[in-house]
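If you want the building blocks of each chain, they are given just below.
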Protein chains: 2
Amino acid sequence: MKATVYVTLKNGIADPQGLAVRNALDSMGFDGVKRVRIGKIIEIELEDGCPDGSKVEEMCRSLLANTVMEDFTFEMSGEKR
Amino acid sequence: MKATVYVTLKNGIADPQGLAVRNALDSMGFDGVKRVRIGKIIEIELEDGCPDGSKVEEMCRSLLANTVMEDFTFEMSGEKR
């Protein structure tokens, strides 16, 4: 069983990394790029039968995402929460 | 228009960051976690009408992904490539 967690910065939070990528794309001649935001994908391979979605949510809240600045969603082997 | 790029390590490439997260989850009492892999999500907001999917692929190959060690996929406002 696999959980895929998507962690992205909340709107309004500055993203210096995204800004640097945007400027780099611009200087490489890719015009038309308004904004770039960078987040994380965390793929967690779980032993069958455990743990379930609520445990993955707990992992996100306690370690994988900084809930002050980041939002997270996750899907268990294919269905989005 | 928006392009969402998913960059993940190729299979077989060591992921020390993923290993650290796995060990941290284990020490926090989350058992049943076999493996953790960490990648990037890059959200690119584009001006309407430009650039199209081929340009985004070019951005990935030239800057956003290290194609020696990483795989990438992207979707333009919702349809996966």
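Residues numbered from 1 in each chain as written. Chains lettered and ligands numbered in written order. Predicted model: local features only at pLDDT ≥ 70, side-chain atom pairs only at ≥ 80, totals over all residues. Heavy atoms only, no water.

For chain A, an unreviewed UniProt entry supplies the name Phosphoribosylformylglycinamidine synthase subunit PurS and the organism Mesotoga infera. If you open the UniProt record of chain A and go to Catalytic activity (unreviewed entry), you find "N(2)-formyl-N(1)-(5-phospho-beta-D-ribosyl)glycinamide + L-glutamine + ATP + H2O = 2-formamido-N(1)-(5-O-phospho-beta-D-ribosyl)acetamidine + L-glutamate + ADP + phosphate + H(+)". Checking UniProt for chain A, the heading Subcellular location (unreviewed entry) contains the comment "Cytoplasm". (UniProt positions renumbered as here; feature names shortened; annotations may be inferred.)

As a further point, take the interface of chain B and chain A. The interface of chain B with chain A comprises 33 residues on the first partner and 33 residues on the second. Among the residues chain B hides against chain A, the three largest losses belong to F30, I41 and E45 of chain B. Together they make up 22% of the total. Between the two partners, chain B and chain A, sit two salt bridges. Salt-bridge contacts for R35 of chain B lead to E45 of chain A; the nearest nitrogen and oxygen are separated by 3.1 Å. Along the contact surface separating chain B from chain A lie 10 residue pairs in polar contact (both at pLDDT 80 or more). (Contact = heavy atoms within 4.5 Å. Buried area = accessible area lost by both parts, 1.4 Å probe. Salt bridge = Lys/Arg side-chain N within 4 Å of Asp/Glu carboxyl O. Polar contact = N/O pair within 3.5 Å; in protein donor to acceptor, adjacent residues only side chain to side chain.)

All names here are of chain B. Of all seven residues in strand β3 (residues 70-76), five are buried, a share of seventy percent or more. Relative to β3, strand β1 (residues 2-9) is paired through seven bridges, and the arrangement is antiparallel. In the sheet register, V7 faces β3, and the bridge partner there is F72. (Buried < 20%, exposed > 50% of the residue type's maximum accessible area, 1.4 Å probe, protein only. Helix = DSSP H or I, 4+ residues; strand = E, 2+ residues; numbered from the N terminus. Pairing = 2+ DSSP bridges.)

With that settled, consider the environment of L25 of chain A. Considering the arrangement of structural elements, one finds L25 of chain A in helix α1 (residues 16-27). Owing to a relative accessible area of 0%, L25 of chain A belongs among the buried residues under this scheme. A C-alpha to C-alpha distance of 18 Å links L25 of chain A and A14 of chain A, two positions 11 residues apart in sequence. Apart from the residues lying within four places of it in its own chain, the contact partners of L25 of chain A are F30, V33 and V36 of chain A together with M59 and L63 of chain B.

A separate point is the pairing of strand β2 (residues 33-46) of chain A. Residues in a regular strand point their side chains to alternate faces of the sheet. Where strand β1 (residues 2-9) of chain A lies against β2 of chain A, six bridges are found, and the strand directions are antiparallel. If you follow K2 of chain A over to β2 of chain A, its bridge partner there is E45 of chain A. Two strands pair when backbone bridges link them, and β2 of chain A and strand β2 (residues 33-46) of chain B are joined in this way by 13 bridges, in the antiparallel orientation. Residue pairing in the sheet places K40 of chain A in a bridge with K40 of chain B of β2 of chain B.

The subject of this paragraph is the packing of α1 of chain A against helix α2 (residues 53-64) of chain B. What describes two packed helices is the angle between their axes and the distance between those same axes. Relative to each other, α1 of chain A and α2 of chain B sit at 110°, their axes nearing to 11 Å. Here α1 of chain A is positioned roughly perpendicular relative to α2 of chain B, judged by the angle of their axes. Every residue of α2 of chain B that contacts α1 of chain A at V21, A24 and L25 of chain A is listed here: M59, L63 and L64 of chain B. In the contact of α1 of chain A with α2 of chain B, the residues fall into six nonpolar, no polar and no charged. (Axes fitted to C-alpha atoms, helices over the stretch in contact; angles between N-to-C directions. Parallel < 35°, antiparallel > 145°, perpendicular 65-115°, else oblique. Nonpolar A, V, L, I, M, F, W, Y, C, P; charged D, E, K, R; others polar.)

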